[in-house]
Amino acid sequence: MPDKNEAPLTTEEALQQWRAAERTVAVARRGRLAAETAAAAADDAAEAALATAKAAREALTAMALAETSAAKTAAAAKAVTLATRADVADAETEAAMAEIEEVAAQDRYRAASKRAAERP
């Protein structure tokens, strides 16, 4: 929100702010989508690691080595899942903040347009 002592934005300035806010929203949405995709891939990797662990227990000849490897893979996948879920939360927050700024920029643009239309 502008300071009461600041000069009101021109229509051009308000439009530029609105366009910048739209670009920020688009980037934030792409980031959120990428984070969600990574989280889903990490979930799939965790499930695959658990399936590998089960198969390793059933394979007597390589059981000890394969089970250790699968457990490490599952732990790594779980760590990636947790980190990626945090990224998803951050991306969602960033997208929400960008959308709020876009609405504010739209309001500033509308106010600037109204002032411009009211000028003699």
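Please refer to the structure placed before this passage.
Student: Would you explain the packing of aromatic side chains in this entry?
Tutor: Centre distance and the angle of the planes are the two values used to describe a pair of aromatic rings. Scanning all chains against the criterion turns up 1 aromatic pair. Note on Trp18 and Tyr109: the rings are 5.4 Å apart at their centroids and 45° apart in plane angle, and the pair reads as tilted. Separated by 91 residues along the polypeptide, Trp18 in helix 1 (residues 11–58) and Tyr109 in helix 2 (residues 63–118) bring together distant segments of the chain. The exposure class of Trp18 is buried, given its relative accessible area of 18%.

Student: I'm lost on the side chain of Thr81 in this one. Help?
Tutor: Along the chain, Thr81 turns up in helix 2. Since its relative accessible area comes to 10%, Thr81 is described here as buried. Those residues in contact with Thr81 that sit more than four places away from it in its chain are Ala42 and Asp43.

Calculation rules
Residues numbered from 1 in each chain as written. Predicted model: local features only at pLDDT ≥ 70, side-chain atom pairs only at ≥ 80, totals over all residues. Heavy atoms only, no water. Phe/Tyr/Trp six-rings, centres within 6.5 Å; stacked < 30°, edge-to-face > 60°. Helix = DSSP H or I, 4+ residues; strand = E, 2+ residues; numbered from the N terminus. Buried < 20%, exposed > 50% of the residue type's maximum accessible area, 1.4 Å probe, protein only. Contact = heavy atoms within 4.5 Å.

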